[in-house]
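Report on the structure
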Amino acid sequence: MQLQTKDMLSGTDAVIFDLDGTLADSMWVWSEIDQDFFVSHHIDFPESLNREIEGLGFTETAQFFVDHFPLEETVEEIKQLWNDMAIEKYRTKVPLKPGARDFLARLRQIGIRTGIATSNSMLLVDVFLSARGISDQIDAVTTVCDVSKGKPAPDVYLATAEKLGVTPERCLVFEDIPMGIRAGKNAGMRVCAVEDDYSAAQREEKRRLADYYIKDFTILRL
């Protein structure tokens, strides 16, 4: 597996991570928040929701809710509500994926720059990185709210590469869902898919789309 890691990082100047389900074991948070949100609004949970919002940014998802459900809140009010519901979970309950801390530290040691390209809010990214003590291990963060289009469009990955001062072909992406994998590939980057319980049903599609596939970061020994 050490050879695979070296192969993955060959020709790589920057590694860009998705956050939820990739660097952070956090998809359970949003399952809980969605359930609580619909219960509190007396709306039946739509079975197709996860498929319809996959890849959307924080603002895009809030707009989807406003457009598709009988809600009184505005987009900004929904975003604030979600942040309020999630912030303590990201601060105290969301762990890093196994091996992620050591992998980040080693990337820093060997001079590979690091970034995050996420559909989450900047507030929750900052809270999570600070609480896990890894803010200094990340050189750039871009959210889908910062760009024109969400995943699978390449915008969030291209913007992160630009912040890092690295060309797309010199970037390696870690992602956990097909939309994110497509975004990285559409940006002209190599992509490693990461196992996550939330996307277990999409495992074969992830393997097909990605250049590499890992269970977690513990196998990446540098």
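Before going into details, it helps to say that this report is about the structure given with it. Since the model is a prediction, treat every value here as computed from it, not as a measurement.

1. Comments concerning the overall build of the protein chain
The secondary structure content of the protein chain amounts to ten helices and six strands. On C-alpha atoms alone, the protein chain measures out to a radius of gyration of 17 Å, which is about the 17 Å that the 2.2 N^0.38 rule sets for 222 residues. Projecting the C-alpha coordinates of the protein chain onto the three principal axes gives extents of approximately 55 × 35 × 30 Å. With 222 residues in all, the protein chain has 54% of them scored as buried.

2. Quick notes on the side chain of serine 121
Tracing the chain through its elements places serine 121 in the loop between β2 (113–118) and α7 (122–132). A polar atom in the side chain of serine 121 sits 2.9 Å from the side chain of asparagine 83. Those residues in contact with serine 121 that lie beyond four places of it in its chain are Phe58, Asn83 and Thr143.

3. Re the pairing of strand β1 (residues 14–17)
Of the two faces of β1, both are covered, the one formed by Ala14 and Ile16 as well as the one formed by Val15 and Phe17. Pairing of β1 with β2, which is carried by four bridges, proceeds in the parallel orientation. Note on β2: the bridge partner recorded for valine 15 is threonine 114. As paired elements, β1 and strand β4 (residues 171–175) share four bridges and run parallel to each other. For phenylalanine 17, the partnering residue across the bridge sits in β4 and is phenylalanine 174.

4. Regarding the sheet that holds β2
Strand order in the open sheet formed by six strands is β3-β2-β1-β4-β5-β6, with parallel pairing between adjacent strands. Unpaired on one side and paired on the other, β3 (140–143) and β6 (212–214) mark the two borders of the sheet. On average, adjacent strands in this sheet sit at an angle of 20° to one another, irrespective of strand direction. Its contacts with the sheet put helix α9 (residues 178–186) on β4 and β5 (190–194), and the angle it makes with β5 is roughly 165°.

Conventions used here
- Along each chain, residues carry numbers from 1 onward, in the same order as the chain's sequence is written.
- Only residues with pLDDT of at least 70 get local features here, since the model is predicted, and only at 80 or more are side-chain atom pairs given and counted; chain-wide, interface and lining totals rely on the full set of residues.
- Side-chain figures throughout are based on the complete set of non-hydrogen atoms in the structure, without hydrogens or water.
- Helix and strand assignments come from DSSP, with helices taken as H or I runs of at least 4 residues and strands as E runs of at least 2, each series counted from the N terminus.
- Within these notes, the globule rule equals 2.2 Å times the number of residues to the 0.38 power, and the radius of gyration is based on C-alpha atoms.
- Per-residue accessibility, obtained with a 1.4 Å probe over protein chains only, is compared with the maximum for each type, and a residue is labelled buried under 20%, exposed over 50%, and partly exposed between these values.
- Any N or O atom pair separated by 3.5 Å or less is treated as a polar contact, with the protein-specific requirement of one donor-capable and one acceptor-capable atom, and with residues adjacent in sequence counted only for side-chain atom pairs.
- In what follows, residue pairs with any heavy atoms lying within 4.5 Å of each other are defined as contacts.
- Two strands form a pair only when DSSP identifies at least two bridges running between them.
- Interaxial angles span 0 to 180 degrees and are taken between N-to-C directions of axes, which are lines fitted to C-alpha atoms, for helices over the stretch in contact.

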